[in-house]
Amino acid sequence: MILRALLLLTAALTLTACANTQAPLASADKPTWAFQNSDLPADPAFRFGQLDNGLRFIIRRNATPAGTAQVRMNLDTGSLDERETERGFAHFVEHMSFNGSTNVPEGEMIKLLERNGLSFGADTNAQTSFEQTLYMLDLPKNDPELLETALMLMRETASELSFDPEAVKRERGVVLSELRDGQGWQRTNLEDQLAFFYPKARYPKRLPIGTVEALNAATAETLKAFWAREYVPSKTTMIVVGDFDPDVVEQAIRTRFENWLPRPETPRPDQGKVLFKQKSEVDIHLDPSLSERVTASRHGPWLDEPDTIANRRRNLLRQIGYGVINRRFQRMTRTVNPPFRGAGFGTSEVFKIGRTTNLIVDTTDGGWQRGFAAAAGVYARAMAGGFTQTEINEQLANIRTGLENAAAGADTRTHGALVGAALALIRDDTVPTTPESGLTRFNRFAGTITPNTVMAALREEAVPLKSPLIRWQGRTAPKEGAEALGQTWEKATRAKAPAGEIPNPAPFTYTDFGPPGTVVSDTTEPLFGIRTIRFANNVRLNLKRTALAKDRVDVRLNLDGGELLDTRENPLATEMTGMLARGGLGKHSEDDLQTLLAGRSVAMGLGVGGDTFESSITSTPRDLELQLQLYTAMLTDPGYRPEGETVYRQNIANFFARLRSSPGAALGNAIGGILSGNDPRFTLQPQADYAALSYARLRDAIANRLASGALEIAIVGDIDEAAAIAAVAQTFGALPSREADFRPYTAERQRPFTPQRGLTVVRHTGEVNQAIIRYVWPTRDDSDPEEAMALALLTEVAQIEVLDTVREKLGKAYSPGASGSLSRVWTGYGTFAVSASVDVADIADTRAALDETMRALAATPVDADIIQRARAPMLERIDNALKSNSGWMNLAERTQTQTDRLIRAKTARARLERLTAADLQTMAKRYLGPEKSVQILVLPEGDEAPVR
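No experiment lies behind these values; they were computed from the predicted model shown.

Draft legend 1. Region of interest: the sheet that holds strand 21 (residues 817–822). Taken together, 5 strands build an open sheet; the order of strands is 19-23-20-22-21 and the sheet is mixed. Since the sheet does not close on itself, it has two edges, and those belong to strand 19 (758–764) and strand 21, each with one partner. Neighbour-to-neighbour, the strand axes of the sheet open up by a mean angle of 20 degrees, direction not taken into account. In this structure, strand 20 (residues 770–778) lies alongside strand 23 (residues 934–940), joined through 5 bridges in antiparallel fashion. Considered in strand 23, the bridge of Tyr775 is made with Gln935. Its contacts with the sheet place helix 23 (residues 785–809) against strand 21 and strand 22 (830–839), and it is angled at close to 165 degrees to strand 21.

What follows is the structure, encoded as structure tokens:
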């Protein structure tokens, strides 16, 4: 129901935003909208308004994706508005919005939405943060009645919640379970960090999740009092972005909300102070799961800089300055023996009470001193010696390209992007401007940007890190002692070593792969109009031109092999594939490529996806040829440079240090071995085996596939088909002949499911009250579309049933659920699972509820209303699947080699509609008997396991 917002203070340094037109000033002191006091022109495609009661609204007509909409209600209230006895109330009230109101009985709101095609969680959600509460509905169709329903539910939340005492009691368990699930080393680390840096600020004591004491003390009356005090029209903004007539939307908002009586706003309690003179203090925080990090910080006053043309220019200069310094850090991590794993420099607001400049350095265990000194030296030299024009130009190229891409695709921005612009306006006073105007302003200003102007703007904002606060976190305390932290900083920042010139790499050399390939087959398949091409060297190309995202082109590669190259004898053969790009190309390192390709919408990488190696990128028409050149170079001349191996080994060390640090981590790392009967291909191997991996071993495993494996390329989006074909002909089509077909790998596709049934216990080292229950059943593969659809619908039904029993009735878990996976890769293999994260004390009750729920699915036909609630969102997803390039790509990527995908997509709706309760009961009987499941219980280390 909520995404808990724990504040991450990072710099938001952007040049442009987006959103709307003029409205009359509310008063000279406090305008209704930020753009009324700015010289930035607002995007006229938005409509802004305000009702007499103070409620504001933002409306934007948008058809990406067509026939859909997003509805948001933003309340300017959050955990900072809570009194000491109300900690967690803003979040608790948000939960209660789904638990009954004047016109919607308890338990009916979610059901009503599900019947209309909205999935709980995916389309129906809410968030509580320090300053806002946001209610979110994603409408799968632009039906005026559905819009009315959505606005009705928002109004019920705003002014009609009932706060039934029994509902409060049940929901308290859900809220407490969410608090419990969030506990652990990460939460403890955050709390220590905030307490050290901001001892006199209010927000470290107002994390949105609240406290156990306050939540247990909450009553229907106290929650209702908080809601009545904070939920007032003048703190509320309605946002509707989608495929609706704005006049219709505005009238619907007015009709639904105009009679909401206004009430005075209650001032927010004092937010405390950021201590600008706080310095020279050290904090050391230890936890076995924490990788080593050192942070140097200083605070300064909040800078009141309204969103104007001048301030956007100032922030652009700062963005460049931070970017140059962080690029220097990045360059240092790409050496064979880097001084640190990563480092970052930035400044962020602390609400409106201060700002903080941070230098954060991540090091290997025991390497803090070398890494901290190196990063401190980079910072000191940059602030003293400035930047080069070459460094500035690289940052400018990337910024320019981002703005050009935004302007070119302005007409097909998604609902989410436009809702984001609206929220930025009401939360941060960021004036919504058109992407085109942002690009125009940038082009006018870019020529005046110099190293000196960048440094001057950076120094205005960045607080000098003189005698900084230093925080150290890690697994064991620094053996050099706390005093060594400050000494290391002072010594490194006094050093006068030269910054050193950054050489310009050689020009990109991968532009000629030989004579262009010849097309030997060019047809268009009849179901979806996807053009299918085959070159003489057997490279396949699938094309689909769309107008869904202007100036955007999606490219996807599928190369024969993938996980099927892993064997019992060599289960980690393809493990390092994801690090291939970190080794660069034969003629260019990864770092050189970043400089060479600055300002170009291209990327390089390869992953392992079942029976293929995969790579996906969203580019632009003007960069499509370069992207294909880069991909072709990756296959024909990977660099395998040792710096990539260094990064991999650093990551492995941290991974194993956190192996069982939480119930989720312990389960995720153990379940592959449990379900496969410890087949090495699916079981976590010893750390030493991962540490021994190298690019040489990876090359031995995948070189043949890179050179000869069957290859299918899909290109979807705003394309010129002739130009795309020509670009592929000059790159992949020019390569030597490849295998004509993807290999069958018949023997390799066998994946075992453990014969063991009953209870398996996994241990974790996290919080002592945390546990996970998971039941897993073997099912089947994806080859039968009828059974596959029946199992998919059964999964949705089980999701509803488990939420109803474990969450809503018992109040034992925050996010219990069901999931299913039928494999296209592993012959005969599939799973069905239900799970819940619970308190150790609630294991028995939760297991009993899960047992009863799953037995009922096989014993009795599913209720017709539950089937409708499960099926309606699935039907809407089918109807909306091809309203995005990603949806088309799911069809186009294997059009020539998996033609059944197209037939199944075409007939999916009819197949889903004809499923009955009897069909679902048949599937439940066939696969989900209690005796057929593997039952996994994740318990704290040392906790007594139940008998069954």
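Continuing now.
Draft legend 2. Representation of the pairing of strand 9 (residues 342–350). The pairing of strand 9 with strand 10 (residues 354–362) spans 9 bridges and is antiparallel. Bridging from a neighbouring strand, Ser348 pairs with Thr356 of strand 10. Where strand 9 hands over to strand 10, the hairpin turn is made up of 3 residues, of which Phe351 adopts a positive phi near 50 degrees.

Draft legend 3. Region of the structure containing the sheet that holds strand 5 (residues 133–139). Read across the sheet, 6 strands follow the order 1-2-6-3-5-4 without closing on themselves; strand pairing throughout is mixed. Pairing within the sheet leaves two strands with one partner each, and these edge strands are strand 1 (46–50) and strand 4 (124–128). Looking at each pair of strands side by side, their axes are set apart by 15 degrees on average, direction ignored. For strand 1 and strand 2 (residues 56–61), the ladder comprises 5 bridges, and the chain directions are antiparallel. Following the sheet pairing, Arg47 is matched in strand 2 by Ile59. Sheet strands touched by helix 1 (residues 89–96): strand 4 and strand 5. Its angle to strand 4, the strand with the most contacts, is close to 165 degrees. Docked against the sheet, helix 8 (residues 246–257) engages strand 1, strand 2 and strand 6 (236–242), running at close to 155 degrees with respect to strand 2.

Draft legend 4. Main features of the packing of helix 9 (residues 309–333) against helix 13 (residues 435–446). Across the interface, helix 9 lies against helix 13 with an axial gap of 11 Å and an inter-helix angle of 65 degrees. With respect to their mutual orientation, helix 9 and helix 13 come out roughly perpendicular. Between helix 9 and helix 13 the crossing geometry is right-handed. Taking contact as the criterion, the partners of Ile309, Arg312, Arg313, Leu316 and Leu317 in helix 9 are, on helix 13, Arg441, Phe442 and Phe445. Looking at the contact of helix 9 with helix 13 residue by residue, the classes come out as 5 nonpolar, no polar and 3 charged.

Draft legend 5. Local environment of helix 4 (residues 165–182). Given a rise of 1.5 Å per residue, 18 residues ought to cover 26 Å, and the 26 Å separating the end C-alpha atoms of helix 4 matches this to within 8%. Of all the residues in helix 4, the buried ones are Ala167, Val168, Glu171, Arg172, Val174, Val175, Ser177, Glu178, Leu179 and Arg180. Of the surrounding secondary structure, the elements contacted by the buried residues of helix 4 are helix 1, helix 6 (212–217), helix 7 (220–230), strand 20, helix 23 and strand 22. Near the N-terminus of helix 4, the side chain that reaches the backbone nitrogen of Glu166, with its oxygen 3.0 Å away, is that of Asp164. Once helix 4 finishes, Gly184 follows within two positions and takes phi at roughly 140 degrees, a positive value.

Draft legend 6. Structural detail: the packing of aromatic side chains. Scanning all chains against the criterion turns up 30 aromatic pairs. Ring centres of Phe345 and Tyr379 lie 5.3 Å apart, and the angle between their planes is 55 degrees; this geometry places the pair in the tilted category. With Phe345 in strand 9 and Tyr379 in helix 10 (residues 368–385), this pair connects stretches of sequence that are 34 residues apart. Comparing Phe345 with Tyr379, the two get one shared label, buried.

Draft legend 7. Geometry of the packing of helix 23 against helix 27 (residues 900–913). Direction vectors running N to C along helix 23 and helix 27 enclose 55 degrees, while the axes themselves pass 11 Å from each other. Comparing their axes, helix 27 and helix 23 come out oblique. Our pair here, helix 23 against helix 27, has a crossing hand that is right-handed. Mapping the contact onto sequence places Pro785, Glu786, Ala788, Met789 and Leu793 in helix 23 and Arg904, Ala908, Arg911 and Leu912 in helix 27. Looking at the contact of helix 23 with helix 27 residue by residue, the class counts come to 6 nonpolar, no polar and 3 charged.

Cut-off values and rules
Residues numbered from 1 in each chain as written. Predicted model: local features only at pLDDT ≥ 70, side-chain atom pairs only at ≥ 80, totals over all residues. Heavy atoms only, no water. Pairing = 2+ DSSP bridges. Helix = DSSP H or I, 4+ residues; strand = E, 2+ residues; numbered from the N terminus. Axes fitted to C-alpha atoms, helices over the stretch in contact; angles between N-to-C directions. Contact = heavy atoms within 4.5 Å. Parallel < 35°, antiparallel > 145°, perpendicular 65-115°, else oblique. Left-handed = near helix turned anticlockwise from the far one by under 90°. Nonpolar A, V, L, I, M, F, W, Y, C, P; charged D, E, K, R; others polar. Expected span 1.5 Å × (residues − 1). Buried < 20%, exposed > 50% of the residue type's maximum accessible area, 1.4 Å probe, protein only. Polar contact = N/O pair within 3.5 Å; in protein donor to acceptor, adjacent residues only side chain to side chain. Phe/Tyr/Trp six-rings, centres within 6.5 Å; stacked < 30°, edge-to-face > 60°.

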